[in-house]
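Each chain, written out:
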Amino acid sequence: MPWFADVADYLVSGIVPNEFFLNQKKKLKRDCLDYYWDEPYIFKICTDGVIRRCVPEEEQLGILKACHSLPYGGHQGGVRTATKVLSCGFYLPTLYKDASELVQ
């Protein structure tokens, strides 16, 4: 199940999981203002105003490796690799941490 499953469920059906506490329900509804669903993808409107596609866990490593290791990647550091992922139009919630771990 991808990290954005609850957001996608709420955007598509308007249903909040029953096991959520009141503050979790409020946070989910507030967070969903920054996302939108366009079948089959979910997109996030980032703080810089750019709309980026949310990437599920199984695609994240491939995207990070492509932006770091392939010929056009440049074998840059973690921050530069993360910046390249963002400039390609992808969003990962733990992007900077994952890029630093990959580079090391």
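An account of the pattern of salt bridges is requested, with residue identities and associated values reported.
Any two side chains of opposite charge can pair if their charged atoms end up close together. Enumeration according to the criterion identifies five salt bridges in this entry. Taking the shortest distance from any N to any O, the salt bridge between Lys27 and Asp31 comes out at 2.6 Å. Here Lys27 pairs with Asp31, and both are found in helix H2 (residues 22-31), just four residues apart, close to one helical turn. On the accessibility criterion, Lys27 (42% relative accessible area) is partly exposed. In this structure, Arg53 engages Glu59 in a salt bridge whose closest nitrogen and oxygen atoms are separated by 3.1 Å. Where salt bridges share partners, they join Lys97, Asp98 and Glu101 into one cluster.

How would you sum up the packing of helix H3 (residues 57-68) against helix H5 (residues 95-103)? Please name residues and give values.
Direction vectors running N to C along H3 and H5 enclose 60°, while the axes themselves pass 10 Å from each other. Compared by their axis directions, H3 and H5 come out oblique. Seen from above, H3 lies across H5 with right-handed handedness. Mapping the contact onto sequence places Gln60, Leu61, Leu64, Lys65 and His68 in H3 and Leu95, Asp98, Ala99, Leu102 and Val103 in H5. Of the residues in the contact of H3 with H5, the class split is six nonpolar, two polar and two charged.

About the thresholds
Residues numbered from 1 in each chain as written. Predicted model: local features only at pLDDT ≥ 70, side-chain atom pairs only at ≥ 80, totals over all residues. Heavy atoms only, no water. Salt bridge = Lys/Arg side-chain N within 4 Å of Asp/Glu carboxyl O. Helix = DSSP H or I, 4+ residues; strand = E, 2+ residues; numbered from the N terminus. Buried < 20%, exposed > 50% of the residue type's maximum accessible area, 1.4 Å probe, protein only. Axes fitted to C-alpha atoms, helices over the stretch in contact; angles between N-to-C directions. Parallel < 35°, antiparallel > 145°, perpendicular 65-115°, else oblique. Left-handed = near helix turned anticlockwise from the far one by under 90°. Contact = heavy atoms within 4.5 Å. Nonpolar A, V, L, I, M, F, W, Y, C, P; charged D, E, K, R; others polar.

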